[in-house]
Amino acid sequence: MKVKGFNHLTVNVKNLRESLHFYAEILGLQVVHKGNKDAYLEWGSAWICLVEQPEYEESVPNAAGIDHIAFSIEEEHFAEAVEILRTYNIPITRGPVKRGIGWSVNFLDPDGTRLELHTSNLAERMSVWK
């Protein structure tokens, strides 16, 4: 598999307004998109997506905190990567699916951490929001 680097991080948050203030005003990330329940912030060559989960409860797994970690992969290597996941019986939880301009597949690591391979960048992803 030819993963080329980090792509993005999706974080479930209790309160989008408070979290957006923290990430944008305190940490200095640039807001690229703000929706009713989500926001995309640029972070160098990667991005962070905040998704509001107001029903957050500490006892609910993945209600708040890291939802998934995404890695960049060139589209030309994407199908081969999906086949590698299948060959090794890696649990695929979503996809492969076209998300905006790029392709995405979500899967689990051995500890159940949700991971994603993603072929587009933030500008390409945002092109579907506008």
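Residues numbered from 1 in each chain as written. Predicted model: local features only at pLDDT ≥ 70, side-chain atom pairs only at ≥ 80, totals over all residues. Heavy atoms only, no water.

Q: Which residues make up the pairing of strand S8 (residues 114-118), and what values do they have?
A: The element S8 is extensively covered by neighbouring structure, given that four of its five residues are classed as buried. Where strand S5 (residues 65-73) lies against S8, four bridges are found, and the strand directions are parallel. If you follow Ile-69 over to S8, its bridge partner there is Leu-115. Bridging between strand S7 (residues 102-108) and S8 involves five bridges; their strand directions are antiparallel. In the strand pairing of S8, Asn-106 is matched with Glu-116. (Buried < 20%, exposed > 50% of the residue type's maximum accessible area, 1.4 Å probe, protein only. Helix = DSSP H or I, 4+ residues; strand = E, 2+ residues; numbered from the N terminus. Pairing = 2+ DSSP bridges.)

Q: Any details on the packing of aromatic side chains? Residues and values, ideally.
A: One pass over the full model with this rule turns up three aromatic pairs. Each ring, one from Phe-22 and one from Tyr-23, has its centre 5.2 Å from the other, and the planes form 90 degrees; the classification is edge-to-face. Where Phe-78 meets Trp-103, the ring centres are 6.1 Å apart and the plane angle is 35 degrees; that geometry is what we call tilted. Taken together, the positions of Phe-78 in helix H2 (residues 75-87) and Trp-103 in strand S7 put the pair 25 residues apart, joining distant regions of the chain. Given a relative accessible area of 29%, Trp-103 falls into the partly exposed group. (Phe/Tyr/Trp six-rings, centres within 6.5 Å; stacked < 30°, edge-to-face > 60°.)

Q: Hey, could you go over the pattern of salt bridges for me, with residue numbers and the actual values?
A: Going through the model one piece at a time under the given rule, you end up with four salt bridges. Glu-74 is paired through a salt bridge with Lys-4; the nearest N and O atoms lie 2.8 Å apart. Of the two residues, Glu-74 is situated in the loop between S5 and H2 and Lys-4 in strand S1 (residues 3-13); the sequence distance between them amounts to 70 residues. In this structure Lys-4 comes out as exposed when scored by relative accessible area, which is 52%. (Salt bridge = Lys/Arg side-chain N within 4 Å of Asp/Glu carboxyl O.)

Q: Please provide a residue-by-residue account of the nonpolar core, values included.
A: Membership of the largest hydrophobic core is limited to twelve residues, which are Leu-9, Val-11, Val-13, Leu-16, Leu-20, Tyr-23, Ala-24, Leu-29, Ala-39, Leu-41, Ile-48 and Leu-50. For this core, the elements supplying multiple residues, two or more each, are S1, helix H1 (16-26), strand S3 (38-43) and strand S4 (46-52). The biggest single contributor to this core is H1, with four residues. Every residue in contact with Val-11, bar those within four places of it in the chain, is listed here: Tyr-23, Ile-48, Cys-49, Leu-50, Val-51, Gly-65, Ile-66 and Asp-67. Core analysis: the second largest hydrophobic core is formed by nine residues, Phe-78, Val-105, Phe-107 and Leu-115 among them. (Core = buried A, V, L, I, M, F, W, Y, C linked by side-chain atoms within 4.5 Å. Contact = heavy atoms within 4.5 Å.)

Q: Run through H2, naming residues and quoting values.
A: Along its 13 residues, H2 runs 19 Å from first to last C-alpha, staying within 8% of the 18 Å computed at 1.5 Å per residue. Listed as buried for H2 are His-77, Phe-78, Ala-81, Val-82 and Leu-85. Within H2, the buried residues cover an arc of 150 degrees as seen down the axis, which keeps them to one side. Exposed and facing more than 90 degrees away from the buried side of H2 are Glu-76, Ala-79 and Thr-87. The secondary structure elements touched by the buried residues of H2 are S5, strand S6 (92-99), S7 and S8. The positive-phi residue at the C-terminal boundary of H2 is Asn-89, with phi of around 55 degrees. (Expected span 1.5 Å × (residues − 1). Arc of directions from axis to C-beta.)

Q: Talk me through the pairing of strand S2 (residues 30-34); I want residue IDs and the actual numbers.
A: Looking along a regular strand, one sees side chains alternate from face to face of the sheet. Inspection of the sheet shows S2 paired to S3 by four bridges, in the antiparallel sense. Within S3, the residue paired with Gln-30 across the bridge is Glu-42. Linking S2 to S3, which pair antiparallel, is a turn of three residues.

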